[in-house]
Amino acid sequence: NTVVDPTPMLLNTWYHVAVTYDSITNTMILYKNGVQVATGNPVGNPVGNPVGTYNGELNQYIGAFNNGGGPAFNWDGQIDEVRIWNVVRTQAQLVASSGCELTGDEPGLLAYFNFNQGTAGGANPGVTTLNDGSDRCTPNNGTLVGFALTGATSNWVTPGGTVTGTC
């Protein structure tokens, strides 16, 4: 089940994209730069392990989608700041924190990836883990797959989409 922005993104432009899902109303809302651009209702319940019950393995993808053995989708672009919550964030909350980094201890924050641990445009052959910056006893670190780890097009970029410091 998806929500799709009817307006294509422009090349070489940073966007703040957020999707909320309310399991009580089965409503999914897509925001781009703080503006609601699409909604889906009813969406239905997620299949598989819900976010937050990882059982030792994070079965979520950032920048990729595999439709149960169907065609895979891989994001061809840059990503900065991925946040997974167990609460529905309001439009005002999304806008207020869209341009800054979090502290990691915000209530309801399950996983927080800010993509800051590598050297931008440099050699990063030993950096294959995406660190979870949420304040958890057991972080939900990710494994980097398909990243360029060396050269001028390294996996890490700066300044990225989030540049105003901590909220």
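We now turn to the structure provided with this report.

What counts and what doesn't
- Within each chain, residue numbers correspond to sequence positions counted from 1 in written order.
- Thresholds applied to this predicted model are a pLDDT of at least 70 for local features of residues and 80 or more for the giving and counting of side-chain atom pairs; totals over whole chains, interfaces and linings are not thresholded and use all residues.
- The basis for every side-chain value is the complete set of non-hydrogen atoms in the structure, without hydrogens or water.
- Helix and strand assignments follow DSSP, with helices taken as H or I runs no shorter than four residues and strands as E runs no shorter than two, numbered in order from the N terminus.
- For the exposure calls, accessible area comes from a 1.4 Å probe over protein chains only, and a residue counts as buried if that area is under 20% of its type's maximum, exposed if over 50%, partly exposed in between.
- Whether two residues touch is decided by their heavy atoms; if any such pair falls within 4.5 Å, the residues are in contact.
- Between the rings of Phe, Tyr and Trp (Trp by its six-membered ring), a pair exists once the centres lie within 6.5 Å; its type follows the angle of the planes, with under 30 degrees stacked, over 60 edge-to-face, and the other angles tilted.
- Counted as over-ring charges are cases with an Arg CZ or a Lys NZ within 6 Å of the ring centre that also lie within 35 degrees of the ring normal.
- Put simply, a salt bridge is a Lys or Arg side-chain nitrogen that is within 4 Å of an Asp or Glu carboxyl oxygen.
- Residues grouped as a nonpolar core are buried Ala, Val, Leu, Ile, Met, Phe, Trp, Tyr and Cys residues, joined through side-chain atoms within 4.5 Å.
- We call two strands paired when DSSP finds no fewer than two bridges between them.
- Note on method: axes are straight lines fitted to C-alpha atoms, helices fitted across the in-contact stretch only, with angles between N-to-C directions ranging 0 to 180 degrees.
- Patches were defined on residues exceeding 30% relative accessible area and lacking a salt bridge, with like-charge contacts within 9 Å and nonpolar side-chain contacts (Val, Leu, Ile, Met, Phe, Trp, Tyr) within 5 Å.
- Under the convention used here, a 1.4 Å probe and the Shrake-Rupley method define accessible areas, while residue burial counts only the protein chains that appear.
- Any pair of nitrogen or oxygen atoms within 3.5 Å is treated as a polar contact; in protein, a donor-acceptor pairing is required on top of that, and neighbouring residues in sequence qualify only through side-chain atoms on both sides.

## Remarks on the overall build of the protein
Next up, step 1: Looking only at helices and strands, one finds one helix and nine strands in the protein.
Next up, step 2: Ordering the α and β elements of the protein from the N terminus gives β-β-β-β-β-β-α-β-β-β.
Next up, step 3: Within the protein, the proportion of its 167 residues that are buried is 31%.
Next up, step 4: By sequence separation, contacts in the protein at least 24 residues apart represent 55% of the contacts at least 6 residues apart.

## As for the packing of aromatic side chains
Next up, step 1: Across all of its chains, the model carries zero aromatic pairs by this definition.
Next up, step 2: Above the ring of Trp 85, the side-chain terminus of Arg 89 is found at 3.9 Å from the ring centroid.

## Considerations on the pattern of salt bridges
Next up, step 1: Counting across every chain of the model gives two salt bridges.
Next up, step 2: Here Asp 5 makes a salt bridge to Lys 32, at a shortest N to O gap of 2.7 Å. Remark: Lys 32 occurs in strand E2 (residues 27-32) and Asp 5 occurs in the segment before strand E1 (17-22); sequence separation between them is 27 residues.
Next up, step 3: Of the charged contacts in the structure, one is a salt bridge between Glu 81 and Arg 83, with a shortest N-O distance of 3.1 Å. This pair shows no difference in class: Glu 81 is buried, exactly as Arg 83 is.

## Concerning the nonpolar core
Next up, step 1: The biggest cluster of nonpolar side chains holds ten residues, and these are Val 82, Ile 84, Leu 110, Ala 111, Phe 113, Phe 115, Val 127, Leu 130, Leu 144 and Trp 156.
Next up, step 2: Counting only elements with at least two residues in this core, the list comes to strand E6 (82-85) and strand E7 (109-113).
Next up, step 3: Ranked by the residues each element gives to this core, the list is headed by E7, at three residues.

## Section: the sheet that holds E2
Next up, step 1: Reading across from one edge, E1-E2-E3 is the order of the three strands in this open sheet, with antiparallel pairing throughout. Each edge of the sheet is formed by a strand with only one pairing partner; in this case those strands are E1 and strand E3 (35-40). Looking at each pair of strands side by side, their axes are set apart by 20° on average, direction ignored.
Next up, step 2: As judged from the six bridges shared by E1 and E2, these two strands associate in the antiparallel manner. Paired with Val 17 across the two strands is Lys 32, which belongs to E2.

## A word on a nonpolar patch on the surface
Next up, step 1: Taken together, the side chains of Met 9, Val 17, Ile 62, Phe 73, Trp 75 and Ile 79 make up a nonpolar region of the molecular surface, amounting to roughly 500 Å² of accessible area.
Next up, step 2: Here Ile 79 lies in the loop between strand E5 (72-74) and E6.

## Looking at the side chain of Thr 27
Next up, step 1: With respect to the secondary-structure elements, Thr 27 resides in strand E2.
Next up, step 2: Separated by 3.0 Å, the side chains of Thr 27 and Thr 25 make a polar contact.

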